[in-house]
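Here is how the chains run, residue by residue.
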Amino acid sequence: MDLITNVSEFEAIAKQKLPKMIYDYYASGAEDEWTLKENRNAFSRILFRPRILRDVSKIDLTTNVLGFDISMPIMIAPTAMQKMAHPQGEYATARAASAAGTIMTLSSWATSSVEEVASTGPGIRFFQLYVLKNRNVVTQLVRRAESAGFKAIALTVDTPILGRREADIKNRFTMPPHLIFKNYEGLDLGKLDKKTDDSGLASYAAGQVDRSLNWEDVKWLQTITSLPILVKGVITSEDTKLAIQAGASGIIVSNHGARQLDYVPATITALEEVVKAAGGKIPVFLDGGVRRGTDVFKALALGASGVFIGRPVVFSLAVDGEAGVRKVLEILHDEFHLTMALCGCRSLKEITRDHVVTEWDRPR
Ligand code: FMN
(Lines give C-alpha, C1' and ligand atoms only; values in the text may rest on other atoms or scores of the structure.)
Protein backbone atom coordinates (compact mmCIF):
# COMPACT_ATOMS: atom_id res chain seq x y z
CA MET A 1 0.00 0.00 0.00
CA ASP A 2 3.01 2.29 0.53
CA LEU A 3 3.28 2.73 -3.22
CA ILE A 4 -0.29 3.98 -3.62
CA THR A 5 -0.16 7.68 -4.39
CA ASN A 6 -3.71 8.55 -5.35
CA VAL A 7 -7.26 7.49 -4.55
CA SER A 8 -8.05 5.95 -7.94
CA GLU A 9 -5.24 3.40 -7.59
CA PHE A 10 -7.18 1.58 -4.87
CA GLU A 11 -9.81 0.51 -7.41
CA ALA A 12 -7.39 -1.47 -9.61
CA ILE A 13 -5.99 -3.36 -6.62
CA ALA A 14 -9.47 -4.00 -5.21
CA LYS A 15 -10.50 -5.40 -8.57
CA GLN A 16 -7.75 -8.01 -8.35
CA LYS A 17 -8.58 -8.94 -4.77
CA LEU A 18 -12.38 -9.11 -4.80
CA PRO A 19 -14.62 -11.77 -6.32
CA LYS A 20 -16.06 -10.47 -9.60
CA MET A 21 -19.65 -10.35 -8.31
CA ILE A 22 -18.62 -8.11 -5.42
CA TYR A 23 -16.27 -5.85 -7.37
CA ASP A 24 -18.94 -5.36 -10.04
CA TYR A 25 -21.56 -4.48 -7.41
CA TYR A 26 -19.30 -1.78 -5.95
CA ALA A 27 -18.01 -0.40 -9.22
CA SER A 28 -20.96 -0.40 -11.54
CA GLY A 29 -23.50 2.24 -12.44
CA ALA A 30 -26.91 2.07 -14.10
CA GLU A 31 -27.55 1.05 -17.72
CA ASP A 32 -25.13 2.72 -20.18
CA GLU A 33 -23.10 4.14 -17.29
CA TRP A 34 -23.09 7.52 -19.02
CA THR A 35 -23.64 9.35 -15.76
CA LEU A 36 -20.99 7.18 -14.08
CA LYS A 37 -18.34 8.44 -16.51
CA GLU A 38 -19.78 11.95 -16.48
CA ASN A 39 -19.52 12.19 -12.66
CA ARG A 40 -15.74 12.06 -13.18
CA ASN A 41 -15.42 13.78 -16.55
CA ALA A 42 -17.35 16.88 -15.55
CA PHE A 43 -14.69 17.77 -12.97
CA SER A 44 -12.19 18.07 -15.82
CA ARG A 45 -14.31 20.84 -17.37
CA ILE A 46 -13.63 23.09 -14.42
CA LEU A 47 -10.31 24.90 -14.33
CA PHE A 48 -8.68 27.00 -11.67
CA ARG A 49 -8.04 30.72 -11.46
CA PRO A 50 -5.43 30.55 -8.72
CA ARG A 51 -4.33 33.61 -6.75
CA ILE A 52 -0.69 34.08 -5.90
CA LEU A 53 1.49 35.73 -3.24
CA ARG A 54 -1.09 35.32 -0.48
CA ASP A 55 1.03 33.97 2.41
CA VAL A 56 -0.18 30.40 2.58
CA SER A 57 2.14 29.44 5.43
CA LYS A 58 -0.89 28.50 7.54
CA ILE A 59 -3.88 26.73 6.08
CA ASP A 60 -7.00 25.75 7.98
CA LEU A 61 -9.11 22.94 6.51
CA THR A 62 -11.50 22.62 9.44
CA THR A 63 -15.21 23.18 9.10
CA ASN A 64 -18.50 22.78 10.89
CA VAL A 65 -21.28 20.54 9.61
CA LEU A 66 -24.70 20.81 11.26
CA GLY A 67 -23.02 22.12 14.41
CA PHE A 68 -20.21 19.56 14.50
CA ASP A 69 -16.57 20.54 14.09
CA ILE A 70 -14.67 18.30 11.70
CA SER A 71 -11.11 18.28 10.38
CA MET A 72 -11.94 18.79 6.70
CA PRO A 73 -14.96 19.11 4.38
CA ILE A 74 -14.54 15.51 3.20
CA MET A 75 -16.92 12.94 4.68
CA ILE A 76 -17.93 9.33 4.10
CA ALA A 77 -21.07 8.55 2.09
CA PRO A 78 -23.23 5.54 2.97
CA THR A 79 -22.33 2.42 1.03
CA ALA A 80 -24.13 -0.85 1.69
CA MET A 81 -22.59 -4.18 2.70
CA GLN A 82 -19.03 -3.15 3.53
CA LYS A 83 -18.19 -6.57 5.03
CA MET A 84 -18.12 -7.90 1.48
CA ALA A 85 -15.01 -5.73 1.02
CA HIS A 86 -13.28 -6.61 4.29
CA PRO A 87 -14.22 -8.70 7.36
CA GLN A 88 -14.13 -5.57 9.56
CA GLY A 89 -16.41 -3.71 7.14
CA GLU A 90 -18.22 -0.78 8.73
CA TYR A 91 -16.20 -1.12 11.96
CA ALA A 92 -13.04 -0.31 10.01
CA THR A 93 -14.68 2.60 8.21
CA ALA A 94 -16.00 4.04 11.47
CA ARG A 95 -12.56 3.85 13.10
CA ALA A 96 -10.83 5.39 10.09
CA ALA A 97 -13.34 8.26 9.90
CA SER A 98 -13.03 8.97 13.56
CA ALA A 99 -9.19 8.88 13.41
CA ALA A 100 -9.35 11.39 10.56
CA GLY A 101 -11.73 13.60 12.55
CA THR A 102 -14.51 13.41 10.02
CA ILE A 103 -18.05 12.09 9.63
CA MET A 104 -19.09 8.61 8.56
CA THR A 105 -22.57 7.92 7.22
CA LEU A 106 -23.78 4.38 7.94
CA SER A 107 -26.07 2.73 5.38
CA SER A 108 -29.43 1.24 6.36
CA TRP A 109 -28.18 -1.78 4.42
CA ALA A 110 -24.95 -2.09 6.35
CA THR A 111 -23.54 -5.42 7.44
CA SER A 112 -22.93 -3.91 10.91
CA SER A 113 -25.68 -2.43 13.07
CA VAL A 114 -25.95 1.12 14.41
CA GLU A 115 -25.11 -0.22 17.89
CA GLU A 116 -22.06 -2.12 16.65
CA VAL A 117 -20.72 0.92 14.83
CA ALA A 118 -21.32 3.07 17.92
CA SER A 119 -19.36 0.51 19.98
CA THR A 120 -16.18 1.26 18.00
CA GLY A 121 -15.72 4.42 20.09
CA PRO A 122 -16.34 8.12 19.79
CA GLY A 123 -17.00 9.67 16.40
CA ILE A 124 -19.52 11.85 14.61
CA ARG A 125 -21.83 9.64 12.59
CA PHE A 126 -24.89 10.08 10.40
CA PHE A 127 -27.40 7.37 9.59
CA GLN A 128 -28.67 6.86 6.03
CA LEU A 129 -32.31 5.88 5.88
CA TYR A 130 -34.19 3.83 3.34
CA VAL A 131 -37.90 4.09 4.11
CA LEU A 132 -39.40 0.62 3.98
CA LYS A 133 -43.05 -0.27 3.58
CA ASN A 134 -42.99 -1.43 7.18
CA ARG A 135 -42.99 1.90 8.98
CA ASN A 136 -42.66 0.25 12.40
CA VAL A 137 -39.27 -1.06 11.35
CA VAL A 138 -38.30 2.41 10.11
CA THR A 139 -39.43 4.10 13.33
CA GLN A 140 -37.59 1.61 15.54
CA LEU A 141 -34.43 1.89 13.47
CA VAL A 142 -34.40 5.70 13.50
CA ARG A 143 -34.84 5.64 17.28
CA ARG A 144 -32.05 3.08 17.63
CA ALA A 145 -29.74 5.28 15.55
CA GLU A 146 -30.62 8.26 17.72
CA SER A 147 -29.96 6.30 20.96
CA ALA A 148 -26.68 5.00 19.54
CA GLY A 149 -25.52 8.62 19.20
CA PHE A 150 -25.95 9.18 15.47
CA LYS A 151 -26.25 12.91 14.78
CA ALA A 152 -28.33 13.21 11.60
CA ILE A 153 -30.49 11.22 9.22
CA ALA A 154 -29.54 11.19 5.54
CA LEU A 155 -32.85 10.36 3.89
CA THR A 156 -32.24 8.77 0.49
CA VAL A 157 -34.88 10.00 -1.94
CA ASP A 158 -33.61 8.76 -5.30
CA THR A 159 -34.36 5.07 -4.86
CA PRO A 160 -38.07 4.21 -4.94
CA ILE A 161 -36.96 1.37 -7.21
CA LEU A 162 -33.40 0.15 -7.63
CA GLY A 163 -31.67 1.39 -10.78
CA ARG A 164 -30.92 -1.12 -13.51
CA ARG A 165 -27.35 -2.16 -12.82
CA GLU A 166 -26.68 -4.63 -15.56
CA ALA A 167 -23.58 -6.16 -14.01
CA ASP A 168 -25.63 -7.17 -10.96
CA ILE A 169 -28.32 -8.65 -13.17
CA LYS A 170 -25.76 -10.67 -15.16
CA ASN A 171 -24.01 -11.84 -11.98
CA ARG A 172 -27.34 -12.61 -10.24
CA PHE A 173 -25.92 -10.52 -7.42
CA THR A 174 -26.63 -11.72 -3.91
CA MET A 175 -25.07 -11.11 -0.50
CA PRO A 176 -22.65 -13.85 0.63
CA PRO A 177 -24.58 -16.19 2.97
CA HIS A 178 -22.56 -15.38 6.13
CA LEU A 179 -23.65 -11.72 5.96
CA ILE A 180 -26.93 -10.01 6.77
CA PHE A 181 -28.37 -6.51 6.83
CA LYS A 182 -27.40 -6.15 10.48
CA ASN A 183 -29.81 -3.29 11.22
CA TYR A 184 -32.72 -5.64 10.47
CA GLU A 185 -31.38 -8.62 12.44
CA GLY A 186 -34.15 -10.62 14.08
CA LEU A 187 -36.68 -9.26 11.61
CA ASP A 188 -37.65 -11.08 8.49
CA LEU A 189 -35.70 -8.56 6.41
CA GLY A 190 -32.07 -9.39 7.05
CA LYS A 191 -31.25 -11.47 3.99
CA LEU A 192 -31.38 -11.03 0.27
CA ASP A 193 -33.44 -13.65 -1.53
CA LYS A 194 -31.53 -16.72 -2.51
CA LYS A 195 -30.62 -16.85 -6.17
CA THR A 196 -33.04 -14.90 -8.30
CA ASP A 197 -32.99 -14.53 -12.04
CA ASP A 198 -32.25 -10.87 -11.49
CA SER A 199 -30.11 -8.79 -9.15
CA GLY A 200 -30.91 -10.07 -5.64
CA LEU A 201 -30.72 -6.51 -4.34
CA ALA A 202 -33.16 -5.23 -6.96
CA SER A 203 -35.68 -7.91 -5.95
CA TYR A 204 -35.14 -7.13 -2.27
CA ALA A 205 -35.69 -3.40 -2.83
CA ALA A 206 -38.80 -4.12 -4.91
CA GLY A 207 -40.24 -6.11 -2.01
CA GLN A 208 -39.29 -3.84 0.91
CA VAL A 209 -38.76 -0.22 -0.17
CA ASP A 210 -41.78 2.08 0.06
CA ARG A 211 -42.35 3.50 -3.41
CA SER A 212 -45.09 5.78 -2.12
CA LEU A 213 -42.49 7.94 -0.35
CA ASN A 214 -43.27 11.64 -0.85
CA TRP A 215 -42.69 15.07 0.68
CA GLU A 216 -45.28 14.46 3.41
CA ASP A 217 -43.04 11.66 4.66
CA VAL A 218 -40.18 14.09 5.17
CA LYS A 219 -42.49 15.87 7.60
CA TRP A 220 -43.54 12.53 9.11
CA LEU A 221 -39.91 11.68 9.74
CA GLN A 222 -39.60 14.85 11.80
CA THR A 223 -42.40 13.62 14.07
CA ILE A 224 -40.47 10.47 14.96
CA THR A 225 -37.02 12.01 15.45
CA SER A 226 -35.45 15.24 16.57
CA LEU A 227 -32.34 14.58 14.49
CA PRO A 228 -31.67 16.94 11.58
CA ILE A 229 -32.60 15.52 8.17
CA LEU A 230 -30.38 15.72 5.11
CA VAL A 231 -32.25 14.99 1.90
CA LYS A 232 -29.88 12.87 -0.20
CA GLY A 233 -30.47 12.72 -3.93
CA VAL A 234 -31.67 16.20 -4.93
CA ILE A 235 -30.38 17.55 -8.25
CA THR A 236 -32.88 20.27 -9.23
CA SER A 237 -33.82 23.72 -7.96
CA GLU A 238 -37.50 22.72 -7.75
CA ASP A 239 -36.79 19.91 -5.33
CA THR A 240 -34.37 22.04 -3.35
CA LYS A 241 -37.18 24.50 -2.60
CA LEU A 242 -39.54 21.67 -1.66
CA ALA A 243 -36.91 20.16 0.63
CA ILE A 244 -36.52 23.46 2.45
CA GLN A 245 -40.31 23.80 2.76
CA ALA A 246 -40.48 20.26 4.13
CA GLY A 247 -38.05 21.16 6.91
CA ALA A 248 -34.79 19.61 5.67
CA SER A 249 -31.65 20.75 7.49
CA GLY A 250 -29.45 20.18 4.46
CA ILE A 251 -29.27 18.76 0.97
CA ILE A 252 -26.90 16.24 -0.54
CA VAL A 253 -26.63 16.75 -4.29
CA SER A 254 -26.26 13.14 -5.33
CA ASN A 255 -27.14 10.82 -8.19
CA HIS A 256 -26.40 7.80 -6.01
CA GLY A 257 -23.00 7.33 -7.59
CA ALA A 258 -24.73 7.04 -11.00
CA ARG A 259 -26.48 3.84 -9.90
CA GLN A 260 -30.08 5.04 -10.28
CA LEU A 261 -31.26 7.12 -13.24
CA ASP A 262 -28.73 7.13 -16.08
CA TYR A 263 -28.35 10.36 -18.11
CA VAL A 264 -28.81 12.67 -15.18
CA PRO A 265 -26.09 15.29 -15.10
CA ALA A 266 -22.92 14.84 -13.13
CA THR A 267 -23.49 16.11 -9.61
CA ILE A 268 -20.78 18.76 -9.97
CA THR A 269 -22.74 20.13 -12.95
CA ALA A 270 -26.03 20.18 -11.02
CA LEU A 271 -24.51 21.69 -7.87
CA GLU A 272 -24.80 25.41 -8.63
CA GLU A 273 -28.48 25.18 -9.53
CA VAL A 274 -29.18 23.64 -6.14
CA VAL A 275 -26.92 26.07 -4.28
CA LYS A 276 -28.71 29.03 -5.86
CA ALA A 277 -32.12 27.63 -5.00
CA ALA A 278 -31.03 26.94 -1.42
CA GLY A 279 -30.07 30.62 -1.16
CA GLY A 280 -27.93 30.03 1.92
CA LYS A 281 -30.93 28.85 3.95
CA ILE A 282 -29.52 25.35 4.44
CA PRO A 283 -26.14 23.84 3.59
CA VAL A 284 -25.68 21.94 0.34
CA PHE A 285 -23.30 18.97 0.12
CA LEU A 286 -22.21 16.92 -2.89
CA ASP A 287 -21.21 13.35 -3.62
CA GLY A 288 -20.34 11.59 -6.88
CA GLY A 289 -16.96 11.13 -8.51
CA VAL A 290 -14.86 12.92 -5.90
CA ARG A 291 -11.40 11.34 -6.25
CA ARG A 292 -9.00 14.28 -5.92
CA GLY A 293 -8.36 17.18 -3.58
CA THR A 294 -8.88 19.41 -6.61
CA ASP A 295 -12.43 17.96 -6.94
CA VAL A 296 -13.15 18.93 -3.34
CA PHE A 297 -11.95 22.48 -3.99
CA LYS A 298 -14.07 22.75 -7.15
CA ALA A 299 -17.18 21.62 -5.28
CA LEU A 300 -16.59 24.17 -2.53
CA ALA A 301 -15.91 26.92 -5.09
CA LEU A 302 -19.30 26.13 -6.67
CA GLY A 303 -20.99 26.47 -3.30
CA ALA A 304 -20.89 23.09 -1.56
CA SER A 305 -20.34 23.07 2.20
CA GLY A 306 -18.60 19.71 1.97
CA VAL A 307 -18.37 16.49 -0.02
CA PHE A 308 -18.88 12.79 0.61
CA ILE A 309 -16.99 9.87 -0.94
CA GLY A 310 -18.51 6.46 -1.70
CA ARG A 311 -16.54 3.98 -3.83
CA PRO A 312 -13.08 5.04 -2.62
CA VAL A 313 -14.12 3.73 0.82
CA VAL A 314 -15.17 0.26 -0.31
CA PHE A 315 -12.15 -0.11 -2.59
CA SER A 316 -9.67 0.98 0.09
CA LEU A 317 -11.40 -1.31 2.60
CA ALA A 318 -10.83 -4.18 0.18
CA VAL A 319 -7.16 -3.26 -0.19
CA ASP A 320 -6.27 -2.86 3.49
CA GLY A 321 -9.26 -2.47 5.84
CA GLU A 322 -9.08 0.43 8.28
CA ALA A 323 -5.55 1.38 7.17
CA GLY A 324 -6.78 1.60 3.59
CA VAL A 325 -9.64 3.94 4.44
CA ARG A 326 -7.32 6.04 6.60
CA LYS A 327 -4.96 6.34 3.66
CA VAL A 328 -7.74 7.47 1.29
CA LEU A 329 -8.81 10.15 3.76
CA GLU A 330 -5.20 11.22 4.26
CA ILE A 331 -4.50 11.47 0.52
CA LEU A 332 -7.63 13.57 -0.05
CA HIS A 333 -6.79 15.75 2.94
CA ASP A 334 -3.26 16.37 1.68
CA GLU A 335 -4.31 16.98 -1.92
CA PHE A 336 -7.02 19.41 -0.80
CA HIS A 337 -4.51 21.23 1.43
CA LEU A 338 -2.16 21.52 -1.53
CA THR A 339 -4.91 22.81 -3.81
CA MET A 340 -5.82 25.47 -1.27
CA ALA A 341 -2.20 26.58 -0.99
CA LEU A 342 -1.72 26.73 -4.74
CA CYS A 343 -4.98 28.67 -5.16
CA GLY A 344 -3.99 31.11 -2.41
CA CYS A 345 -6.74 30.15 0.05
CA ARG A 346 -6.02 29.90 3.77
CA SER A 347 -9.45 28.88 5.00
CA LEU A 348 -12.58 27.42 3.43
CA LYS A 349 -14.20 30.86 3.58
CA GLU A 350 -11.57 32.15 1.18
CA ILE A 351 -12.57 29.67 -1.52
CA THR A 352 -14.81 31.58 -3.93
CA ARG A 353 -16.55 31.19 -7.25
CA ASP A 354 -13.82 33.34 -8.79
CA HIS A 355 -11.26 30.60 -8.14
CA VAL A 356 -12.77 28.43 -10.87
CA VAL A 357 -13.96 28.80 -14.42
CA THR A 358 -16.29 26.19 -15.81
CA GLU A 359 -16.99 25.19 -19.37
CA TRP A 360 -20.53 26.42 -18.87
CA ASP A 361 -19.45 29.92 -17.78
CA ARG A 362 -19.50 32.67 -20.39
CA PRO A 363 -16.04 33.64 -21.56
CA ARG A 364 -14.61 36.12 -19.12
N1 FMN B 1 -26.47 5.38 -1.05
C2 FMN B 1 -27.40 5.24 -0.07
O3 FMN B 1 -28.11 6.20 0.20
N4 FMN B 1 -27.55 4.06 0.60
C5 FMN B 1 -26.78 2.97 0.35
O6 FMN B 1 -26.93 1.92 0.98
C7 FMN B 1 -25.82 3.08 -0.69
N8 FMN B 1 -25.04 2.02 -1.02
C9 FMN B 1 -24.11 2.17 -1.99
C10 FMN B 1 -23.28 1.09 -2.30
C11 FMN B 1 -22.27 1.22 -3.23
C12 FMN B 1 -21.38 0.07 -3.52
C13 FMN B 1 -22.08 2.46 -3.89
C14 FMN B 1 -20.97 2.65 -4.89
C15 FMN B 1 -22.92 3.53 -3.62
C16 FMN B 1 -23.92 3.40 -2.66
N17 FMN B 1 -24.74 4.47 -2.34
C18 FMN B 1 -25.68 4.34 -1.36
C19 FMN B 1 -24.51 5.81 -2.94
C20 FMN B 1 -23.45 6.59 -2.14
O21 FMN B 1 -23.96 6.99 -0.90
C22 FMN B 1 -22.97 7.84 -2.87
O23 FMN B 1 -24.09 8.59 -3.26
C24 FMN B 1 -22.10 7.54 -4.09
O25 FMN B 1 -21.34 6.37 -3.91
C26 FMN B 1 -21.15 8.70 -4.36
O27 FMN B 1 -20.44 8.50 -5.54
P28 FMN B 1 -18.94 7.92 -5.61
O29 FMN B 1 -19.05 6.45 -5.35
O30 FMN B 1 -18.54 8.24 -6.99
O31 FMN B 1 -18.10 8.63 -4.55
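You'll find the structure just up there.
Everything numeric here is computed off the predicted structure, so don't read it as measured data.

A. Just the packing of helix α1 (residues 9–17) against helix α13 (residues 311–343), in detail. Contact geometry for α1 and α13: axes closest at 11 Å, N-to-C directions at 170°. In terms of their interaxial angle, α1 and α13 are classed as roughly antiparallel. Residues Phe10, Glu11, Ile13, Ala14 and Lys17 of α1 form the contact with α13, whose own contacting residues are Phe315, Ser316, Ala318, Val319, Gly324, Lys327, Val328 and Ile331.

B. Quick peek at the pattern of salt bridges. In this structure the tally under the stated criterion is 16 salt bridges. Of the charged contacts, one joins Arg135 and Asp217 as a salt bridge, the two residues approaching to 3.2 Å between their closest N and O atoms. Of this pair, Arg135 sits in helix α6 (residues 135–147) while Asp217 sits in helix α9 (residues 215–224), and the two are 82 residues apart along the sequence. Each of Glu38, Arg45 and Glu359 takes part in one network of salt bridges that share partners.

C. Here's a closer look at the site of the ligand. Within the structure, the ligand sits among 22 residues, and Pro78, Ser107, Thr156, Asp287 and Arg291 are positioned closest to it. The separation between an oxygen atom of the ligand and a polar side-chain atom of Ser107 is 2.7 Å. Within the contact set of the ligand, an oxygen atom lies 2.7 Å away from a side-chain nitrogen or oxygen of Asp287. When the ligand sits alone it has 600 Å² of accessible area, and the protein chains cover 99% of it. Judged by the fraction of its atoms near the pocket grid, the ligand is located in the largest cavity.

D. Examining the pairing of strand β10 (residues 284–287) more closely. In β10, alternate side chains face the same way, and those of Val284 and Leu286 on one face and Phe285 and Asp287 on the other are all buried. In the sheet, strand β9 (residues 250–253) pairs with β10 via 3 bridges, with the strands oriented parallel. Within β10, the residue paired with Ile251 across the bridge is Val284. Once the chain exits β9 it traverses helix α11 (residues 267–278) before rejoining the sheet at β10, and the crossover so formed is right-handed.

Calculation criteria
Residues numbered from 1 in each chain as written. Predicted model: local features only at pLDDT ≥ 70, side-chain atom pairs only at ≥ 80, totals over all residues. Heavy atoms only, no water. Axes fitted to C-alpha atoms, helices over the stretch in contact; angles between N-to-C directions. Helix = DSSP H or I, 4+ residues; strand = E, 2+ residues; numbered from the N terminus. Parallel < 35°, antiparallel > 145°, perpendicular 65-115°, else oblique. Contact = heavy atoms within 4.5 Å. Salt bridge = Lys/Arg side-chain N within 4 Å of Asp/Glu carboxyl O. Near = heavy atom within 4 Å. Polar contact = N/O pair within 3.5 Å; in protein donor to acceptor, adjacent residues only side chain to side chain. Areas by Shrake-Rupley, 256 points an atom, 1.4 Å probe, with all protein chains shown as cover. 1 Å grid on protein atoms, 1.4 Å probe; cavity = no way out; pocket = protein on both sides within 12 Å on 5 of 7 lines; lining within 4 Å. Sits in = over half its atoms within 2 Å of the grid points. Buried < 20%, exposed > 50% of the residue type's maximum accessible area, 1.4 Å probe, protein only. Pairing = 2+ DSSP bridges. Right-handed = clockwise from strand over helix to strand, strands pointing away.

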